[in-house]
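Coordinates in review
Now for the letters of each chain:
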There are 2 protein chains.
Amino acid sequence: MSRLDAALASIGGLDQDAMAAARARQDRLTKPRGALGRLEELSVQLAGITGRVTPSLERKAVVVMAADHGVAQQGISAYPQEVTAQMVANFLGGGAAINVLARQAGARVVVVDAGVAADLPSHPLLVSRKVARGTADFTLGPAMSRQEAHQSIQVGLEVVEDLISQGLDLMATGDMGIGNTTASSALVAAFTGQPPAAVTGRGTGIGQAAWERKVEVVSHGLARHKVDPGDPIDVLARLGGLEIGGLAGVMLGAAAHRVPVVIDGFISGAAALVVVALCPRVKEYLIASHRSAEPGHAAALQGLGLKPLLDLDLRLGEGTGAVLAFPLLEAAVRLLAEMATFADAGVSTALDDALSLSKGEEG
Amino acid sequence: MSRLDAALASIGGLDQDAMAAARARQDRLTKPRGALGRLEELSVQLAGITGRVTPSLERKAVVVMAADHGVAQQGISAYPQEVTAQMVANFLGGGAAINVLARQAGARVVVVDAGVAADLPSHPLLVSRKVARGTADFTLGPAMSRQEAHQSIQVGLEVVEDLISQGLDLMATGDMGIGNTTASSALVAAFTGQPPAAVTGRGTGIGQAAWERKVEVVSHGLARHKVDPGDPIDVLARLGGLEIGGLAGVMLGAAAHRVPVVIDGFISGAAALVVVALCPRVKEYLIASHRSAEPGHAAALQGLGLKPLLDLDLRLGEGTGAVLAFPLLEAAVRLLAEMATFADAGVSTALDDALSLSKGEEG
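Bear in mind that the values here come from a model prediction, so they are computed numbers and not experimental data.

This part covers the layout of surface pockets. The volume enclosed by the largest pocket comes to roughly 710 Å³. Around the largest pocket sit 37 residues that line it, and Gln104 and Pro327 of chain A together with Gln104, Ala105 and Pro327 of chain B are the ones nearest its centre. Where the lining of the largest pocket is concerned, the elements lending two or more residues are α5 (97–105) and α13 (320–338) of chain A together with α5 (97–105) and α14 (320–338) of chain B. At 10 residues, the largest contribution of residues to the lining of the largest pocket is made by α13 of chain A. Across the lining of the largest pocket, the residue classes tally to 22 nonpolar, six polar and nine charged. A volume near 330 Å³ is recorded for the second largest pocket. Residue lining of the second largest pocket: 16 residues in total, with Arg38, Glu41, Gln45, Leu286 and Leu306 of chain B positioned closest to the centre. Secondary-structure elements contributing two or more residues to the lining of the second largest pocket are α3 (37–50) and β6 (286–288) of chain B. If one sorts the elements of the lining of the second largest pocket by residue count, α3 of chain B sits on top with six residues. Of the residues that constitute the lining of the second largest pocket, the class distribution is eight nonpolar, two polar and six charged. Split by domain, the lining of the second largest pocket shows at least three residues from each of two domains, domain 1 (3–54 + 334–362) and domain 2 (60–324) of chain B.

Residue and element names in this part refer to chain A. Across the eight residues of strand β1 (residues 60–67), eight count as buried, placing the element largely inside the fold. Residues Lys60, Val62, Val64 and Ala66 point to one face of β1 and Ala61, Val63, Met65 and Ala67 to the other, with burial holding for every one of them. Sheet topology note: the β1/strand β2 (residues 107–115) ladder contains eight bridges and is parallel. Along β2, the bridge assignment pairs valine 62 with valine 109.

When chain B is fitted to chain A, the best match, at an RMSD of 0.0 Å, comes from turning it 180° and sliding it 0.0 Å along the axis. When the rotation and shift are considered jointly, the pair of chain copies conforms to a two-fold rotation axis. No C-alpha of chain B approaches the rotation axis more nearly than that of leucine 310 of chain B, which lies at 3.1 Å. Both copies share a contact surface, since 100% of the interface residues of chain B are interface residues in chain A too.

What follows deals with helix α9 (residues 232–239) of chain A. In terms of burial, α9 of chain A is a largely internal element, seven of the eight residues being buried. Against α1 (3–10), α6 (146–166), α7 (180–192), α8 (208–225), α10 (242–256) and α11 (266–278) of chain A lie the buried residues of α9 of chain A.

Okay, the sheet that holds strand β1 (residues 60–67) of chain B next. All names here are of chain B. Strand order in the open sheet formed by six strands is β3-β2-β1-β4-β5-β6, with parallel pairing between adjacent strands. The open sheet has two free edges, formed respectively by β3 (126–128) and β6, since each of these has just one partner strand. Averaged over all adjacent pairs, the angle separating strand axes in this sheet is 30°, with direction ignored. Bridge count between strand β5 (residues 261–263) and β6: three bridges; the pairing is parallel. Counterpart to valine 262 in the pairing with β6 is isoleucine 287. Set on the sheet, helix α12 (residues 266–278) makes contact with β4 (170–176), β5 and β6; between it and β4 the angle comes to about 115°.

A full pass over the atoms with the stated rule returns 32 salt bridges over all chains. In this structure, the salt-bridge partner of arginine 59 of chain B is aspartate 169 of chain B, at a minimum N-O distance of 2.9 Å. Of this pair, arginine 59 of chain B sits in the loop between α3 and β1 while aspartate 169 of chain B sits in the loop between α6 (146–166) and β4, and the two are 110 residues apart along the sequence. By relative accessible area, which is 43% here, arginine 59 of chain B ends up partly exposed. A salt bridge links arginine 334 of chain B to glutamate 338 of chain B, with the nearest nitrogen and oxygen atoms 3.3 Å apart. Residue arginine 334 of chain B and its partner glutamate 338 of chain B are both found in helix α14; the two are separated by four residues, about one turn of the helix. The partly exposed category is assigned to arginine 334 of chain B, whose relative accessible area is 27%. A network of salt bridges, in which partner residues are shared, links Arg3, Arg129, Glu158 and Glu161 of chain A.

Here the focus is the sheet that holds strand β5 (residues 261–263) of chain A. Residue and element names in this part refer to chain A. Reading across from one edge, β3-β2-β1-β4-β5-β6 is the order of the six strands in this open sheet, with parallel pairing throughout. Looking along the sheet, the strands with just one partner apiece sit at the ends: β3 (126–128) and β6 (286–288). The mean inter-strand angle of the sheet, taken between neighbouring strand axes irrespective of direction, is 30°. The sheet strands contacting α11 are β4 (170–176), β5 and β6, and the helix crosses β4 at an angle near 115°.

This paragraph deals with unusual backbone geometry. Phi is positive for aspartate 313 of chain A, close to 55°, though the residue is something other than glycine. Position of aspartate 313 of chain A relative to the elements: it lies in the loop between α12 (295–304) and α13. In this model, arginine 258 of chain B sits at a positive phi of 55°, which is unusual for a non-glycine residue. Inspection of the secondary structure assignment puts arginine 258 of chain B in the loop between α11 (242–256) and β5.

The subject of this paragraph is the side chain of aspartate 137 of chain B. All names here are of chain B. Along the chain, aspartate 137 turns up in the loop between β3 and α6. Buried charged residue aspartate 137 carries no salt bridge. Nearest counter-charge: arginine 213, at 7.1 Å. If we skip the residues at most four places from it in the chain, aspartate 137 touches Gly70, Val71, Gln73 and Gln74.

Thresholds, definitions, all that
- Residues numbered from 1 in each chain as written.
- Chains lettered and ligands numbered in written order.
- Predicted model: local features only at pLDDT ≥ 70, side-chain atom pairs only at ≥ 80, totals over all residues.
- Heavy atoms only, no water.
- 1 Å grid on protein atoms, 1.4 Å probe; cavity = no way out; pocket = protein on both sides within 12 Å on 5 of 7 lines; lining within 4 Å.
- Points joined across faces, edges and corners; volume = space filled by probe spheres on them.
- Helix = DSSP H or I, 4+ residues; strand = E, 2+ residues; numbered from the N terminus.
- Nonpolar A, V, L, I, M, F, W, Y, C, P; charged D, E, K, R; others polar.
- Domains from an automatic or database assignment.
- Buried < 20%, exposed > 50% of the residue type's maximum accessible area, 1.4 Å probe, protein only.
- Pairing = 2+ DSSP bridges.
- Least-squares fit on C-alpha atoms with pLDDT ≥ 70 in both.
- Contact = heavy atoms within 4.5 Å.
- Axes fitted to C-alpha atoms, helices over the stretch in contact; angles between N-to-C directions.
- Salt bridge = Lys/Arg side-chain N within 4 Å of Asp/Glu carboxyl O.
- Lys, Arg positive; Asp, Glu negative; His and termini not counted.

Function-wise, these values are silent; they only describe arrangement.
Structural data, given as C-alpha cells:
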C-alpha cells in the first residue's frame, strides 16, 4: 500500500463525542445561545477534528509550496517565471507578507520547493523536494505525468508528517508559483463544471487583453484534455501544478493525523477540490480562511461546501489569508475554554430561565 | 465652551501626507499592487488617523459601557433587567466573552456604569459614572432629558480622555444593557429612515411573538416622538440609552485625540449614527469591525458608509466583534512596516517592470 493509499485509508470521521461535549459547554457559557455565531461552530469543528473539547493551538505552521508552470509561457501572468524563485528567496529572507503574518501569529513558515524551474541554493529553511523543473504547458500536452502528480501529493504528505512528528497543533496552506491561477482556474472549471470565463480572474493584476487570453488558454486546456473529475489524479496531472499536488498532500496528511488545516485562497481551494475528490471526508478537516478576490475561488468554495471566515479582497496567496484567520480559531477555542458558565459566574438562574424561555418561544 | 463643544471643534481631517506616504510604501512592497486588499486600505486609514505611516498599536483598550433601559418593561428582551448588573459583575470577574478576547488581544477592559438600574458594589476595575438608574420607557415619554443625553456623551468623552492620558494607541467600543437592541432599532430607524420591521431583530434570541411586540414598541416610540435627525442630541434623549450616549462620547473623544476606534456591532453602530450626525468627520476615525446578525446593523453601517471587516454572525455585543478585529489592524500596520520592498529583497526589477507593465495594461 502506498503512503497515499495508507493516508486515505486512515481518515476517519470527526469525533462526535467531543463535538457534543463542545456544544453542551457552549450552551452553559454566560451568553445567549448561539450569540458567538460562527466561532461556536468553529469550536465544535475543532473539537471534532482533534478529539479534544478545547484543544491546544499553540504549535502552528504554514506550509508554502512553490512550483513553476509551463503554461506561464502563454503570457497569462503579469510576472515573468523568474519571480517564483525570487519570491522563494524573499520567504527565506523573512521579508514577504507571509513571514510578517506568521511572526504575528506565532507560526513557523515552511517553504517547500515542489517544482521550481530554477536551481535554488540550499538553505536551512528550505525543504527541497523538487518533483520536476516546473510543469509542462497544458495547452500542448499534460502538465505532468500521472507518476509526477502522485509524487507531488506524496511530497505534501511527507512534509506534513515531518512537521507533525515534531509537534503541530494547527496548520495553514500557502502557495507560490507564477501561472498558478491559470492552472487553478482549469482545475476549478474541471471539478465544478463552471465555464472558464466565470472562474478565471486577473491573478497578479493583468489587463483585459491578457485576461481574455487567459480564458482562452484555460478553455483550450479543458477542450484538449477532456478530463474526468472522477479521476482526480488524472485531472491534477493534466491541468494542475506541482505545488497544487503538494498542497493536496498536506491537506490529506493533516486530516489523517487529525490536525486542523486552514486553507488559503484560490490555489489552496483548487488543491482542496483535488483531495476532496480523492476522499470526501477530508472536507471535514478543512477550514476555509477567506474568500479571495479571484472569482473562481467562490466557485471552488461552493464546490467544497465551505464558508470562508474572512472576505478582505486579498489575492496574494502565500498562505496570507489562512494565517490571518488563525486568531479567530484561537478565539473560538479560548472562549470555550475560558468563559465563565452560568454556575461559575453566579449569574442568576434568571439568565438560565430566560434562555430556556427564549428557547421555548422559538420552538 | 462645553467639553463636548471643545471636542467637536478640535476634530480635524485625516493626515493626507501620512496617507500618501503609506500608499507609496504599499506600492514598493514585494507583492502585486493591491493584493493585500482591505488591509492596504486599513493601513492608509490608520496612517491618516494617527499621522504616522506605521503607528504603534501596542496599548489597546475596550470600553464596555453599561446601562439599563426603561423600555425593557415592555417585554422586548429574553432577559430580565437584572442581567445587566449580573453581566457587569461577570466583566469585573473576568469571565465574560469580552474578557477572554481582550486577554488574547492584549487589551484592557474598561467597564463603565453609565446608568445601570442597580447599586453596583465599588470595584477597582469599574468606572462609576451613573447618569441615572436606567432610562425611562420611551413608549411613555422621552427616555431621558436633553441634559442627561449631554451628560452621557460627556461620560464617554471623559473616560476616553482619561485612558488617552495614560497612553492609548487603539480602542474598541462595547456595550451591555438589557433592552438596548430596542433602543438601537429606534435610533437606526430615526437616522436612516428605514421602517422599524427592517431594523428590528431578535436581540438576545426572542421568538416570533416577542419580535412582533418589539417592532410595535419601536414603531410606537417613533410615532410618539417624531424626532428630527438634524437634532441628534434630541434623538438620543428621546429614544436612546445612557450607554449609547457614552459610546458616542468615546468615539468623539477618540477622534478628537486621533486615536483609531474600532466599533463593535449594532449598539455601537447606533451610537456612531448619533456622533456622525453631530460631526460627520468623526466617521473617518471609525473602523467597523463586523456585521452583526442583527438586521438593523447593516442599515446602520450603510448609513455610516462603513464596510465591516468581519461577518461571523456574532450578536453578543460587549465589544467582542471589535476586539476580534484588532489582529487585522495590527496585521495591516505590521505588513506595511515589516515587508521587504523590491529594493530590500533584491527581487529583480523584472518584478517592478512587470508591475509597471501591468499598470500600463490596465490604464
